[in-house]
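# Report on the structure
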Amino acid sequence: MQRLLLVVIITLFSSLNIYAQAPKKPNTSEIYEAIKKLNFLGSVLYVAAHPDDENTRLISYMSNQVKARTAYLSLTRGDGGQNLIGPEIGELLGVIRTQELLTARQIDGGEQLFTRANDFGYSKHPDETLEIWNKEEVLSDVVLAIRQFQPDIIINRFDHRSPGSTHGHHTSSAMLSIEAFDISNNKSAYPNQLKTTSLWQPKRLFFNTSWWFYGSQEKFEKADKSSLLELDLGVFYPLNGLSNNEIAALSRSQHKSQGFGNTGTRGSEMEYIELVKGQMPKDESNLFEGIDTTWNRVKGGEAIGQIMQQVEANYDFTNPSTSIPKLVEAYQLIKNLENTHWRTYKTKEIKNIIYACAGLYLEATSATSQATPGETVKLNIETINRSTYPIKLETISCNNTTITKQLALTENNGFDFHEILEIPRNQKPTTPYWLTEKGTLGMYQVSEDSLRGKPETPRVFKVSFKLIFDKTPITFTKPVIYKTNDPVKGEVYKPFEIIPEASVKISEKVIIFENSQAKDIPVIVKAGRDKLQGTLSLNYPKEWNVSPEKQEVQIANNGEENTFVFRVTPPENQHEGLLIPVMTVNGKNYSKELIEIDYDHIPYQTVLLPSETKIVRLDIQKKGENIGYIVGAGDVVPESLQQIGYKVTLLKPEDINPETLSRFDAVVVGIRAYNTLETLKFKQQQLFDFVSNGGNMIVQYNTNHQLKVDALAPYKLELSKDRVTDEHSEVKFLEPKHPLLNSPNKITQEDFKGWTQERGLYFPDKWSKEFTFILSMHDKGESAKKGSLLVAKYGKGYYIYTGLSFFREFPAGVPGAYRLFANMLSIGKEDILLGEKK
């Protein structure tokens, strides 16, 4: 077979496909629905703050029933949430939740957009949110989304009129949407955007209300709904055998990291929206009333509409290829439309329909899933026409390099071509574009304007197939992907990724030195190519010592990892800093870690982040030694306790019995364990007995929602939604002489400096007299919250409930959090210092 060296020049591939999933192969019913959607020229933009805020029922209804182009604008990527499926938090969780949204949109038929706003954690008021986000920048992104997407209708998930009553991010999303509605058609607003986009004025803006905003279902049923539009979203789609609500449930269930698995329902279900801007439609069942959504909307569209009406009316479900001649005729007219917006979008739509009607399969797969700059990769290119319609393959090209084929693609006769792809030496590695620059607490830094709003980094490497349909050329472009066969899963697709020739990491992101003794720190170097050679060194604070200064590295095989050990000696006094591994290859330094995210429900992801480990010389003492840890929703508290010298055993509910518990000085219950572990309630009395016999029990935060246990504590204790979101808020010591603040570590105000994201969440607000409340704190303008740390003597031991966010502070290496937690574990214990009896 003919071979060609394809030298690839860097360009951006703008397709928004989910690259790690198998290509879509629409059936005849799906093709028909796509034809109907092609004939609807109207769009809806749904706006909210986070992944999982979106109403998938309404998005699915607009896309699948109304046939409108529908998108969800999530202002953030959800970095500040919790992760119920793995250890990733922060920006890595944001990567997961981004992909969960994209997977959800593939199911409900919507598209996905973002701004540069970062989910910095819970915010009580939009004033705080918009200050941290940088209101003007986020507003500019919302305006950009409106100008690019050109929605006729905007639907807000949240109410702009209720600041302070819910999450500040939620209210801010609605406030920004309304302001953007008013200025997106104003040429003086963000005029630089008009170089690449145009002014746009949406016709209507709605608020998607529900009983939740009224406080209860009962109050909502009694409320005056005369100003609301009522939509029945429970429609049934016979061609795919699912109700709208079943599709929506499948979509919402993709938010697996948040535990949002959803069961589909059938039958009528009413949804309510309230007009906020624009004119109320006279026909309340038609949100697009008064808006021309036919082909007559655009100049030159009437002829297209007539052709497409024939296609829709004469569609042959047993042989979709009979529609190709008329579709090609319509395609020629669409690509010549003056309206660039609808020309671009409808050209993409009709090309997909033609592709599906012809049963075309065009694919470019690489021999490896990863490559490094300067490397060559083997490609296998497959082409097949599975219809009777005559198609000719004229050329195959990879960016600026083209090979002429001039082959007739006859029915069901495929062709395979084997080519070579050369990766440029200056090629940037694959990674989420919003994480390549250092941002702020509230904003991602994205210098390249063309990337703003995109859900993910556009793919660089692509192969284009120029086909001829009865003298009409149509080019289809496909990303280079990796495909393999798994013995269990069968055919598995992964994205084709560019990685650096070397990456480095220290597995522990925080290393605690509880005394002045040196520790051996392993550094892992991963080779991105064969025969990697270089030197490895560490950057470290001048107060610390590291030996050796550098080590020679030789790794034979691509993908192989080698570990190199450095001895790190801390200073005598408390100190903290960063340890940064640096691999030098031919004069070029590599100091980033290659992180792989691999879950079945989302595409495989590679993320490059600066490889940094916080090192902390901690002035800490402790009592007790053996800790049992009941794992809840997932955190790194067990590993953090091991860092300061505790022996930690992970426990499942079935492991809990009197004999097992007798081995521990204390048992710690992980975050949200009482929300996620159904059987833990059957072990509660045994845990209380453990406390009564002299053990300590520390319970970290849970929520009242879906609480699996009746008695959270041996005494009365009721949870609330109280939280303190300002990590810098003043902390008052209500019981300054209490052992929790004095033994074995003297806790001072210094111990509450450097906290991250928040002080704590879901504090109790009611408790019995047996509890002592230790601390008081509050956000600006609020009353004092005294439930962050409660302790009660029970029998011979102590029960402690805390909503303080240790699960966030430990990964950030906050010294005071470790010292306070050591006191909590040590309370009432015999005098043991650093594991040795005095």
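Residues numbered from 1 in each chain as written. Predicted model: local features only at pLDDT ≥ 70, side-chain atom pairs only at ≥ 80, totals over all residues. Heavy atoms only, no water.

Right, let's talk about the overall build of the protein for a bit. Broken down by element type, the protein carries 17 helices and 45 strands. Its C-alpha atoms give the protein a radius of gyration of 30 Å, near enough to 28 Å, the size a compact globule of 838 residues would have. Here the protein holds 838 residues, and 55% of them are scored as buried. Of the side chains in the protein, 96 bear a positive and 102 a negative charge, and the two mean positions are spaced by 2 Å. (Helix = DSSP H or I, 4+ residues; strand = E, 2+ residues; numbered from the N terminus. Rg over C-alpha atoms; globule rule 2.2 N^0.38 Å. Buried < 20%, exposed > 50% of the residue type's maximum accessible area, 1.4 Å probe, protein only. Lys, Arg positive; Asp, Glu negative; His and termini not counted. Charge placed at Lys NZ, Arg CZ, Asp CG, Glu CD.)

Before going further, it helps to examine the packing of aromatic side chains. Enumeration over the complete set of coordinates arrives at 32 aromatic pairs. Summarising the aromatic geometry, the rings of Tyr-32 and Phe-317 are spaced 5.0 Å apart at their centres and angled 50° between planes, so their arrangement reads as tilted. In this pair, Tyr-32 sits in helix α1 (residues 28–38) while Phe-317 sits in the loop between α9 (301–313) and α10 (324–334), placing the two residues 285 residues apart along the sequence. Look at Tyr-32 and you get buried, because its relative accessible area is 17%. For Phe-317, a relative accessible area of 36% corresponds to the partly exposed category. Look at Phe-733 and Phe-752: their rings are 6.0 Å apart centre to centre, the planes differ by 55°, and that puts the pair in the tilted class. With Phe-733 in strand β38 (residues 732–733) and Phe-752 in the loop between β38 and β39 (760–767), this pair connects stretches of sequence that are 19 residues apart. (Phe/Tyr/Trp six-rings, centres within 6.5 Å; stacked < 30°, edge-to-face > 60°.)

Spatial strand order, β34-β33-β35-β36-β43-β42-β40: seven strands in an open sheet with mixed pairing. Of all strands in the sheet, those bounded by a partner on one side alone are β34 (647–651) and β40 (772–773). By the bridge criterion, two bridges tie β40 to strand β42 (residues 789–794) in an arrangement that is antiparallel. From the neighbouring strand, Thr-772 faces β42, where its bridge partner is Val-791. (Pairing = 2+ DSSP bridges.)

In this fold, Asp-53 is placed in the loop between β2 (43–48) and α2 (56–65). One buried charge, Asp-53, has no salt-bridge partner; the nearest side chain with opposite charge is Arg-97, at 6.6 Å. Reaching out from Asp-53, the side chain makes a polar contact with the backbone nitrogen of Ala-49 at a distance of 3.4 Å. Of the polar contacts made by the side chain of Asp-53, one reaches the backbone nitrogen of His-50; its length is 2.7 Å. For Asp-53, the residues in contact, after removing those within four places along its chain, are Ala-48, Tyr-72, Arg-157, Phe-158 and His-170. (Salt bridge = Lys/Arg side-chain N within 4 Å of Asp/Glu carboxyl O. Polar contact = N/O pair within 3.5 Å; in protein donor to acceptor, adjacent residues only side chain to side chain. Contact = heavy atoms within 4.5 Å.)

Another point: the side chain of Ser-826. For Ser-826, the location among the structural elements is in helix α17 (residues 815–826). Judged by relative accessible area, which is 2%, Ser-826 ranks as buried. The contacts of Ser-826, once residues within four sequence positions are left out, are Lys-622, Lys-623, Tyr-646, Asn-696 and Pro-744.

Taken across its nine residues, helix α8 (residues 244–252) has seven buried, putting it largely inside the fold. Those residues of α8 hidden inside the fold are in contact with α2, α3 (91–108), β8 (236–237) and β9 (242–243).

What the rule picks out here adds up to 47 salt bridges. Residue Asp-152 pairs with Arg-297 through a salt bridge whose shortest N-O separation is 2.5 Å. Here Arg-297 lies in the loop between β10 (270–277) and α9 and Asp-152 lies in the loop between α5 (135–149) and β5 (153–156), a separation of 145 residues in the sequence. The class of Asp-152 is buried, set by a relative accessible area of 0%. Classification of Arg-297 as partly exposed rests on a relative accessible area of 22%.

Turning our attention to the sheet that holds strand β7 (residues 228–232). Paired through their backbone hydrogen bonds, the strands of a sheet run either parallel or antiparallel. On the basis of which strands lie adjacent, the open sheet formed by seven strands has the order β4-β3-β2-β5-β6-β10-β7 and mixed pairing. The open sheet is flanked by β4 (111–114) and β7, the only strands paired with a single partner. Pairs of neighbouring strands in the sheet enclose a mean axial angle of 30°, with direction left out of account. Along the sheet face, helix α6 (residues 168–183) touches β2, β5, β6 (204–207) and β10 and points at about 160° away from the line of β5. (Axes fitted to C-alpha atoms, helices over the stretch in contact; angles between N-to-C directions.)

Okay, the pairing of β4 next. Alignment of strand β3 (residues 69–74) against β4, held across four bridges, turns out to be parallel. Bridge pairing links Ala-71 to Glu-111 in β4. The handedness of the β3 to β4 crossover, carried by α3, is right-handed. (Right-handed = clockwise from strand over helix to strand, strands pointing away.)

It is worth spelling out the environment of Glu-727 at this point. In this structure, Glu-727 sits in the loop between β37 (717–724) and β38. Taking relative accessible area as the criterion, Glu-727 reaches 14% and is therefore assigned buried. Here the alpha-carbon distance between Glu-727 and Gly-760, two residues 33 residues apart in the chain, equals 8.3 Å. Excluding anything up to four places from it in sequence, Glu-727 contacts Phe-752, Trp-755, Thr-756, Gln-757, Glu-758 and Arg-759.

Our focus in this paragraph is the pairing of strand β11 (residues 361–366). Burial analysis of β11 places six of its six residues in the buried class, the great majority of the element. In β11, alternate side chains face the same way, and those of Tyr-361, Glu-363 and Thr-365 on one face and Leu-362, Ala-364 and Ser-366 on the other are all buried. Summarising the sheet, β11 and strand β13 (residues 376–384) pair through six bridges and their orientation is antiparallel. Counterpart to Leu-362 in the pairing with β13 is Thr-383.

Take α17 next. Between its terminal C-alpha atoms α17 stretches 17 Å, which fits the 16 Å expected from 12 residues at 1.5 Å a residue. Within α17, 12 of the 12 residues are buried, leaving the element largely enclosed by the surrounding structure. Considered for burial, the residues of α17 that qualify are Pro-815, Gly-816, Ala-817, Tyr-818, Arg-819, Leu-820, Phe-821, Ala-822, Asn-823, Met-824, Leu-825 and Ser-826. Note on α17: the residue one or two positions beyond its end, Gly-828, has a positive phi of about 80°. (Expected span 1.5 Å × (residues − 1).)

Okay, the nonpolar core next. Core analysis: the biggest nonpolar cluster contains 73 residues, and Leu-641 and Tyr-799 have the highest contact counts within it. Those residues within four positions of Tyr-799 in sequence are excluded, and the remaining contacts are Phe-688, Val-691, Met-697, Val-699, Leu-712, Ala-713, Pro-714, Leu-717, Phe-771, Leu-790, Val-791 and Ala-792. (Core = buried A, V, L, I, M, F, W, Y, C linked by side-chain atoms within 4.5 Å.)

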